[in-house]
Amino acid sequence: FSLFSSMACPLWLLLFVRVYKVHSLVDGPWSQISLGPTERARRLVTNMTLEEKLLMLHGPVGGAAQCSESPRCAYVGNVAPVQRLGIPPINMNDGPQGFRTTDALKGTSTAWPSGLTLAASWDEAAALEWGAGMGKEFYDKGSNVQLGPGLNVARVPTNGRNFEYLSGEDPYLGYRMVQPVVKGIQSQKVLANAKHFILNNQETNRLAVSSEIDERTRFEMYYPPFEGAIEAGVASVMCSYNKINNAWSCENPTTLGELKRMGFQGFVMSDWGATHSMSIASGLDIEQPGQDWMNEIFLKAGLASGAVEESAVDDAVTRILARLFSVGVMDEPASAWDWGKLSRNVTTDASVASARKLAALGTVLLRNEGNLLPLVKSKKIAVIGLADSKAIYHAGGSGSVEPSFVSTPLQGISQAAKALGATVVFDDGLCPEKAAAIAQQSDVTVVFLGTLSSEGRDRGSLSLDVGIDWTYQNELVDAIVAKTSETVVVVTTPGAVLLPWSQKVKAILTNFMPGQQAGNAVADVLFGHVNPSGKLPLTFPNRDNEMNFSQAQYPGLPDPKNPAYAFYTEKLLVGYRYYEKHNISFTTGFPFGHGLSYTRFQYSDLVIRLKSKGMDVSFRLINSGSISGAEVAQLYIIFPSQEPQQLKGFHKTSVLKPGEAEKVTMHLRPRDLSMWDTALHDWKPVVGRFQLKIGSSSRDIRLTGGFVKSAEILV
């Protein structure tokens, strides 16, 4: 096959001109699909020149991105095609909640609900639909890598990017929710990219801060969401900006080595500008967006000096090509990855309908005194606040998407009210006294509040009065409830938020960042077309810094505005675990896992059964109310060491009719009953007496049990 062993790769600029045409993969010894992706990749690498291989390890000179004049920089991230062999370009694009376009092309993709909204659904079928829906739009735009999902655990409640992340504040929730998302994205022949590995838990000085952390905490608290992605076959992982124990993430031999130990077989790319050296020997495969370090000149010099082995280059390229083969990118026609597809409008009626459905599934009913909701009897409805064109639907940064339209709450409510013969009156709420007078004259008032955050900076506070220009939202609620008790508040937020008036209003909903169908989705819930089943994926505190972080913990030392080190001395006491450890009551906030329904559910008949590997926990769950609905049952374990309870299982039922029951069975793996042993550097089964709790939230426990685990058996 002399064709495959000669001809130096043309220069990048010769590859990328406006008239270039990428050919389909050339036939060769790698063409047989039955060989499997890794063997196909190995055979292809054997027939690549050194220059062709090096071309796959970086982006274009200067790191140009999202340009309109050339395919060399058409996407957020770009890796050149190898024309001689028909290897397609790698077209990477933001982001974790949909395809982010340039301003010139805004309105041509769907603004899906955020990762945190999907986390609030606790619904794996919804996560699969979300992933597949986004993946299809990436494919239709000519992109073969989606830079998502985001998985970082919400250690810091004010983290500006918490809205992007599927994990909420719990590693097990992230472990479960990421798997269908990865499968959904990759079912569309688009590579998923799990990010940001690892410990990128704050935006304050994210480009330089070092996360100082022990081994057990890494494995038990922050790695599991990425393990879930690995188990789902994720093709790629993005290493983060920060340092871990004073070594840059993208050249950290410890954490990148642990990533491989967890079974990761894909490739590692840098976050944009997160490469600080020629890091191929440390585990980095692709530098983005440019080639400051992993360029041909440096790598050839490294090869000549012996600092870089050619086998390391071959291994990196093999990993990249193997994932392109496994997901199906390599066997698609060349037209699939044509940058001309960027101008397509890929939003469809189906994607808009899916976005509406998913946003409703991720809406959480926090309070509903006197069954004020659903709104089935009100004849005059006051809608106050951020419900018109000022409605919040997405936060900022690489996770933002500009859709062709946004369904506002005012539009959604008006349409639903019309069907009931009800009237709607609107006020922007800028004058609390005026808004309160309107509310007093109405049967029910729905107040829309919210705040924003963005990549690149953390929120200054969890208060609604921080994040947008409207700085007296709490005052508005106080003014309204002083005039009428029939008040519903809908809070749109990028993460945890303070609700100081929560016990004064009858009903509260949160939809996090709901995407472009915000208005229709919330109307579906308000009027009972959808019975809410969402649960909080993170704690809503009573006050700022309720976990009592020191400056050393967050934002770090020595300067809080420019910290060099953030110390994870809280270890496993993140989120609800801290609340359990310190027995903190909720006066105005709400606990992890909390979420109400318009119906009621009863739990009974707990049974614990030993299995050959792990154990099964079964119980009966019945809809004891008068409305059809679904419940998310949660399983918490307390280890013999009496550490705070940990989520180790959850199950969302089917939609149960009144009186209908479902037998729920949750499987606990041996791993779920183990702890990380720093002496063994491995998981070690724990023996002793365990406590087991089943409930509707971390604080609403319906069934309790226990078991004794010996070295060999469960009793």
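Structural data are supplied above this passage.
What this report covers is the structure whose coordinates are included nearby. Counting starts from 1 at the beginning of each chain's written sequence and moves along it residue by residue. Local features in this predicted model are restricted to residues whose pLDDT is 70 or higher, and side-chain atom pairs enter the listing and the counts only when it is 80 or higher, whereas totals over whole chains, interfaces and linings include all residues. Based on all heavy atoms of the structure, the side-chain values leave hydrogens and waters out of the count.

Examining helix H5 (residues 124–140)
Part 1 of the reasoning: Strands are runs of DSSP state E lasting at least two residues, helices are runs of H or I lasting at least four, and both sets are numbered from the N terminus onward. Expected helix span is computed as 1.5 Å times (number of residues minus one). Between its terminal C-alpha atoms H5 stretches 24 Å, which fits the 24 Å expected from 17 residues at 1.5 Å a residue.
Part 2 of the reasoning: Throughout this description, buried means an accessible area under 20% of the type-specific maximum (1.4 Å probe, protein chains only), exposed means over 50%, and partly exposed covers the range between. Along H5, the residues classified as buried are Ala126, Ala127, Trp130, Gly131, Gly133, Met134, Gly135, Glu137, Phe138, Tyr139 and Asp140.
Part 3 of the reasoning: The N-cap residue of H5 is aspartate 123: its side-chain oxygen and the backbone nitrogen of alanine 125 are 3.0 Å apart.
Part 4 of the reasoning: Looking one or two places after H5, you find glycine 142, whose phi comes out positive at around 85 degrees. Nitrogen and oxygen atoms within 3.5 Å of one another constitute a polar contact, given that in protein one can donate a hydrogen and the other can accept it, and given that sequence-neighbouring residues count only through two side-chain atoms.

A look at unusual backbone geometry
Part 1 of the reasoning: Looking along the chain, the bond that leaves glycine 148 and enters proline 149 is cis, with omega of 15 degrees.
Part 2 of the reasoning: Topologically, proline 149 is positioned in the loop between strand E3 (145–146) and helix H6 (171–186).
Part 3 of the reasoning: In this structure, proline 374 follows leucine 373 across a cis peptide bond, with omega equal to 5 degrees.
Part 4 of the reasoning: The residue asparagine 371 is not glycine, and still its phi comes out positive at about 50 degrees.
Part 5 of the reasoning: Relative to the elements of secondary structure, asparagine 371 occurs in the loop between strand E10 (364–368) and strand E11 (380–385).
Part 6 of the reasoning: Here the phi dihedral of phenylalanine 512 falls at roughly 50 degrees; this positive angle occurs in a residue that is not glycine.
Part 7 of the reasoning: Tracing the sequence through the fold places phenylalanine 512 in the loop between strand E15 (507–510) and helix H16 (518–526).
Part 8 of the reasoning: Residue class for phenylalanine 512 comes out buried when judged on its relative accessible area of 0%.

Remarks on the pattern of salt bridges
Part 1 of the reasoning: Within this document, salt bridges are pairs made up of a side-chain nitrogen of Lys or Arg and a carboxyl oxygen of Asp or Glu, the two lying within 4 Å of each other. Under the definition given, this model contains 38 salt bridges.
Part 2 of the reasoning: Notably, a salt bridge pairs aspartate 682 with arginine 261, separated by 3.9 Å at the nearest N-O pair. Here aspartate 682, found in strand E23 (residues 682–685), pairs with arginine 261, found in helix H9 (residues 253–261); they are 421 residues apart in sequence, far enough to count as distant.
Part 3 of the reasoning: What makes arginine 261 partly exposed here is its relative accessible area of 48%.
Part 4 of the reasoning: Each of Arg161, Glu164, Glu203, Arg206 and Glu455 takes part in a single network of salt bridges with overlapping partners.

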